[in-house]
Amino acid sequence: MSVGSVRVELSERSYDVRVGDGALGDSAGALRRLAERGATRVFVVRDTGVPGVHLDTVLDGARGCGLEPTVAEVTPSESVKSLGTYHELLESIAGSGHTRSDPVVALGGGIVGDLGGFVAASYLRGVPVVQCPTTLLAMVDASVGGKTGFNLSVGDRLLKNYVGAFHQPVMVCADVGVLGSLGDRYLRSGLAECIKHACIARTAGHEDLVEWTREHVGRAGDRDIGVLTELVRRNVALKASIVALDEREDPSAKAGGRMLLNLGHTFGHAIETIGSLTPTGDPADAPLHHGEAIGLGLIAAFAAAESMGMVDSELTGSVRSMIEDAGLPVCVVGLPEDGELVARMRRDKKSSGGSLRLVLPDGEGSCVIVNEAPESAAIAGICAIRG
Ligand SMILES: NC(=O)c1ccc[n+]([C@@H]2O[C@H](COP(=O)([O-])OP(=O)(O)OC[C@H]3O[C@@H](n4cnc5c(N)ncnc54)[C@H](O)[C@@H]3O)[C@@H](O)[C@H]2O)c1
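Criteria and cut-off values
For every chain, the first residue of its written sequence is number 1, and the numbers climb from 1 along that sequence. The model is predicted, so local features are restricted to residues of pLDDT at least 70 and side-chain atom pairs to those at 80 or more, both for listing and for counting; the totals for chains, interfaces and linings are taken over all residues. A set of buried Ala, Val, Leu, Ile, Met, Phe, Trp, Tyr and Cys residues, joined through C-beta atoms within 7 Å, is what we mean by a nonpolar core. Residues are called buried when their C-beta atom has 20 or more other C-beta atoms within 10 Å, exposed when it has 12 or fewer, and partly exposed otherwise; all C-beta atoms are positioned from the backbone. The way it works is that DSSP assigns letters per residue, a run of H or I at least four long becomes a helix, a run of E at least two long becomes a strand, and they are numbered from the N terminus. Where each domain begins and ends is defined by an automated method or by a domain database. Whether two residues are in contact is decided by their C-beta atoms, placed from the backbone, lying within 7 Å. Working convention: axes come from line fits to C-alpha atoms, limited for helices to the stretch in contact. Angles between N-to-C directions cover 0 to 180 degrees. Any angle from 65 to 115 degrees is called roughly perpendicular, while one under 35 is roughly parallel, one over 145 is roughly antiparallel, and all others are oblique. The sense of a crossing depends on the near helix, which, turned anticlockwise from the far helix by less than a right angle, makes the crossing left-handed and, turned clockwise, makes it right-handed. When DSSP locates at least two bridges between a pair of strands, those strands are taken to pair. The residue classification treats Ala, Val, Leu, Ile, Met, Phe, Trp, Tyr, Cys and Pro as nonpolar and Asp, Glu, Lys and Arg as charged. All others, Gly included, are polar. The C-beta atom of each residue is placed using the backbone, and any residue whose C-beta lies within 6 Å of a molecule or strand is treated as near it.

J.: So what's going on with the nonpolar core? Residues and values would help.
T.: Val45, Ile195 and Ala301 are the most contacted members of the largest nonpolar core, which has 118 residues in total. The element contributing the most residues to this core is helix α10 (residues 290-307), with 11 residues. Counting contributing residues, this core receives three or more from each of domain 1 (3-182) and domain 2 (192-222 + 245-385). In contact with Val45, other than residues within four places in its own chain, are Ala72, Val74, Leu89, Val104, Ala106, Leu107, Gly108, Val112, Leu115, Gly116 and Val119.

J.: Residues and numbers for the packing of helix α3 (residues 83-95) against helix α4 (residues 110-122), please.
T.: Where α3 meets α4, the closest approach of the two axes is 10 Å, and the angle between their N-to-C directions is 50°. Relative to α4, the element α3 is oriented oblique. Considering how the two elements wind past one another, α3 and α4 form a crossing that is right-handed. Contact with α3, carried on its side by Thr85, Tyr86, Leu89, Leu90 and Ile93, involves Leu115, Phe118 and Val119 of α4 and no other residues of that element.

J.: Describe in detail the pairing of strand β7 (residues 147-154), supporting the description with residues and values.
T.: As judged from the seven bridges shared by β7 and strand β8 (residues 157-166), these two strands associate in the antiparallel manner. What sits directly across from Gly149, in β8, is Gly164. The turn joining β7 and β8, which pair antiparallel and follow one another in sequence, is formed by two residues; a positive phi near 60° is taken by Gly155.

J.: Outline the domain arrangement of the protein, supporting the account with residue identities and numerical values.
T.: Quite often, the size of an interface is put as the accessible area lost when its parts meet. Looking at the assigned domains, one finds that the protein contains domain 1 (3-182) and domain 2 (192-222 + 245-385). Its C-alpha centre places domain 1 at a distance of 27 Å from the equivalent point of domain 2. Taken residue by residue, the interface counts nine residues in domain 1 and 10 residues in domain 2. Broken down by secondary-structure element, the contributors of at least two residues to the side of domain 1 that touches domain 2 are α5 (136-142) and β8. Here the element with the most residues in the side of domain 1 that touches domain 2 is β8; it accounts for four residues. When the residues that make up the side of domain 1 that touches domain 2 are grouped by side-chain class, the tally is six nonpolar, one polar and two charged.

J.: Describe the sheet that holds strand β6 (residues 129-133), and please don't skip the residues or the numbers.
T.: Taking strand neighbours across the sheet as the criterion, the seven strands line up as β1-β2-β9-β6-β5-β3-β4 in an open arrangement whose pairing is mixed. Each having just a single partner strand, β1 (3-8) and β4 (68-74) make up the two edges of the open sheet. Across the sheet, the mean angle separating the axes of adjacent strands is 15° when strand polarity is ignored. Note that β1 and strand β2 (residues 15-20) share six bridges and pair antiparallel. Residue pairing for β2: Ser5 is matched across the bridge by Arg18. With respect to the sheet, helix α1 (residues 27-36) is in contact with β3 (41-47), β5 (104-108), β6 and β9 (171-175), its orientation differing from that of β6 by roughly 175°. The strands that α3 touches are β3 and β4; relative to β4, the one it contacts most, it runs at about 165°.

J.: Quick rundown of the site of the ligand? Include the residues and the values.
T.: In the neighbourhood of the ligand, 28 residues make up the surrounding shell, with Gly49, Gly109, Gly110, Thr135 and Ala142 lying closest. Sorting the residues of the shell around the ligand by element identifies α4, α5, α6 (184-200) and α10 as the ones contributing at least two each. Class assignment of the residues belonging to the shell around the ligand gives a composition of 10 nonpolar, 12 polar and six charged.

Here you go:
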């Protein structure tokens, strides 16, 4: 087993992301340091999809440091990433007698990471959190950078990630061995965020990630541990460098900062929240998974940029091919009409005052923020993914 570290440099909030086969065991090291500073308990938010053997690794490590664990289980879905679940978790952590010195461990995919992270951010005005991501998407994206939160339901609308806080973990343990039990569709979803990273890599100073991703993205589904470790390591390194420059998504950050990570997301969020959409047209496959929506959002963003003369059709085609090679959908059946989708995009929390603020590509591996994109560009994007 070989486990390495990527450092997220944030002065006194800096931390290591441990990456490799067996990295989950390193959670014990983080818990031990907290125990030495007075922790006596640990609150583990466990994704019910994660096999018990991985929960045992965390619990054995905690008990080995003398920490008394309480486990709260979450069966993830976007509707479960809600105020109701947050409230239940708060009641559970408070009921366990958890104090300010005691940590939270979030063991699961992006939904459990967001919920567990927000409990840690807000309970007693903040307790330490160890993020133990168990999906590819959570390893390469959600667990790194400190964004936490949940969705709001207003009327019949699901408002993605409308409540949240920045709360950096004390350690992230990205154990690629844990991906062995993850379903193929979820593994592919994680690849969408990796392709997004390749599309911003040059702007973020990781130029070699563009070519590396093109060469390896089609092979990730073979689940070779070496390829997965390198995939996670390279993607975490990109995310860590963006977060280090712009921890809190400052709108005035140089060259876009964290905002760049939203490439494809304004389109993606607009379709992800339509629960009836499927990648295949078969209702049994609804809803779209987050990564599938982001993959479609990337195609839409490139088509929108092409309509504005920012990129050529060859580049749009090559990104579409990467998404196809990763086994992700490139179009979706049953989209509402253009006007409704544009209205949804204007309501996205990344938009500004109802204008269409989009991250759009302006070259290979290079993106910019367009503050007032024309509606015609958004419609060109939607047309490109309409099945
Ligand atoms: N905070 C951030 O910066 C950030 C970034 C990107 C995405 N997100 C959020 O992440 C969420 C999506 O995360 P996701 O794609 O991980 O989905 P998810 O959390 O829904 O997990 C996917 C599925 O995999 C199961 N699972 C998890 N680990 C497993 C394992 N090792 N073996 C078997 N099954 C396992 C889960 O039970 C679930 O059914 C979205 O809500 C998105 O908004 C957050």
